[in-house]
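What follows is each chain in one-letter form.
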Amino acid sequence: MQGVKYISTRDTDRQPASFTDILLGGLAPDGGLYLPETYPRIDDATLTNWRQTLAEGGYAALAAEVLKLFVDDIPAEDLEGIAQRAYTYPKFDHEEIVPVSELGEGLYIGHLSEGPTAAFKDMAMQMLGELFEYELARRGETLNILGATSGDTGSSAEYAMRGRKGIRVFMLTPAGV
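Anyway, here's the lowdown on the structure attached to this text. From a predicted model like this one, the values you see are computed outputs, not experimental measurements.

Helices and strands together make up the secondary structure of the chain, namely five helices and six strands. Taken from N to C terminus, the helices and strands of the chain fall in the order β-α-β-α-α-β-β-α-β-α-β. Compactness check: the chain gives a C-alpha radius of gyration of 18 Å against a globular reference of 16 Å for 177 residues, within 12% of the reference. With the C-alpha coordinates aligned to their principal axes, the bounding extent of the chain is approximately 45 × 45 × 30 Å. Per-residue burial for the chain yields a buried fraction of 34% across its 177 residues. Restricting to contacts in the chain with at least 6 residues of sequence separation, those with at least 24 account for 58%. Carbon and sulfur atoms form 52% of the exposed surface of the chain, whose accessible area is close to 10,600 Å². Taking the average place of the 15 positive charges on the side chains of the chain and the average place of its 27 negative ones, the gap between the two points comes to 7 Å.

On to unusual backbone geometry, then. At the junction of Y89 and P90, the peptide bond is cis and its omega measures out at 20 degrees in the coordinates. If you trace the backbone, P90 turns up in the loop between α3 (76-86) and β3 (100-104). The backbone phi angle of I97 is positive, close to 65 degrees, even though this residue is not glycine. In this fold, I97 is placed in the loop between α3 and β3. Residue I97 is classed as buried on the basis of its relative accessible area of 4%. A positive phi angle, near 60 degrees, is found at A118, a position not held by glycine. Here A118 lies in the loop between β4 (107-110) and α4 (122-139).

A few words now on the side chain of E135. By the element assignment, E135 lies in helix α4. In this structure, E135 is in contact with T20, L23 and L24, ignoring residues within four places of it in sequence.

Moving on to the packing of aromatic side chains. Applying the stated criterion to the full structure yields three aromatic pairs. On the basis of an interplanar angle of 55 degrees and a centroid distance of 5.8 Å, the ring pair of Y87 and F92 is categorised as tilted. There is no split in this pair, since Y87 and F92 are both buried. An aromatic cluster is present here, built from Y59, Y87 and F92 joined pairwise through their rings.

Only one face of strand β5 (residues 143-148) is covered, namely the face carrying L143, I145 and G147; the face carrying N144, L146 and A148 is uncovered. Judged from the six bridges that link them, β5 and strand β6 (residues 167-172) form a sheet pairing that is parallel. The residue of β6 that forms the bridge with I145 is V169. You can see the chain leave β5, run along helix α5 (residues 152-161) and come back into β6, and the turn it takes is right-handed.

What tends to happen in soluble globular proteins is that the nonpolar side chains get buried as a cluster. Among the nonpolar cores identified, the biggest contains 34 residues, and F19, I74, Y87, M127, L131 and F132 are the most heavily contacted of them. Taken together, the elements giving at least two residues each to this core come down to α1 (19-25), α2 (44-70), α3, α4, β5 and α5. A total of seven residues in this core trace back to one element, the largest contributor, which is α4.

Definitions and limits used
Residues numbered from 1 in each chain as written. Predicted model: local features only at pLDDT ≥ 70, side-chain atom pairs only at ≥ 80, totals over all residues. Heavy atoms only, no water. Helix = DSSP H or I, 4+ residues; strand = E, 2+ residues; numbered from the N terminus. Rg over C-alpha atoms; globule rule 2.2 N^0.38 Å. Buried < 20%, exposed > 50% of the residue type's maximum accessible area, 1.4 Å probe, protein only. Contact = heavy atoms within 4.5 Å. Areas by Shrake-Rupley, 256 points an atom, 1.4 Å probe, with all protein chains shown as cover. Lys, Arg positive; Asp, Glu negative; His and termini not counted. Charge placed at Lys NZ, Arg CZ, Asp CG, Glu CD. Phe/Tyr/Trp six-rings, centres within 6.5 Å; stacked < 30°, edge-to-face > 60°. Pairing = 2+ DSSP bridges. Right-handed = clockwise from strand over helix to strand, strands pointing away. Core = buried A, V, L, I, M, F, W, Y, C linked by side-chain atoms within 4.5 Å.

Listed below in structure tokens is the structure:
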């Protein structure tokens, strides 16, 4: 899919934006969420290739292939490196990053709590931290993140951004939590 652009859920008349612009911008100016203008079609051949990619290159390689469908303003080889840095062992407690267990005949479960804070949010936040740091360095910019949390979302965000160049995190928590 070439020319991937994103539009707001609230104002589809607005000029479409690139991935890296919405990455650093957060919510759309109208308060909506950004969605791709169009979604890629995943056919059987692609799924077969992804199974092979997972088997040969692991979770990070598969994540990079999926990202390439939605991000066209970061070079493919850079996306591969970003995914490799985001999903590593021992940052994640299991070499497979997301181990899968069979619960019964044809029923499987993916373990999403193997990340550094044991929250499923680590799956997205580790990638987001890498993407932020990459794009901020490319632009020569900095980013302040202000958040509020009463649970594991805040700790996942803090951990994912910890020590990253050009990023400062300010996290508020309710008293007594």
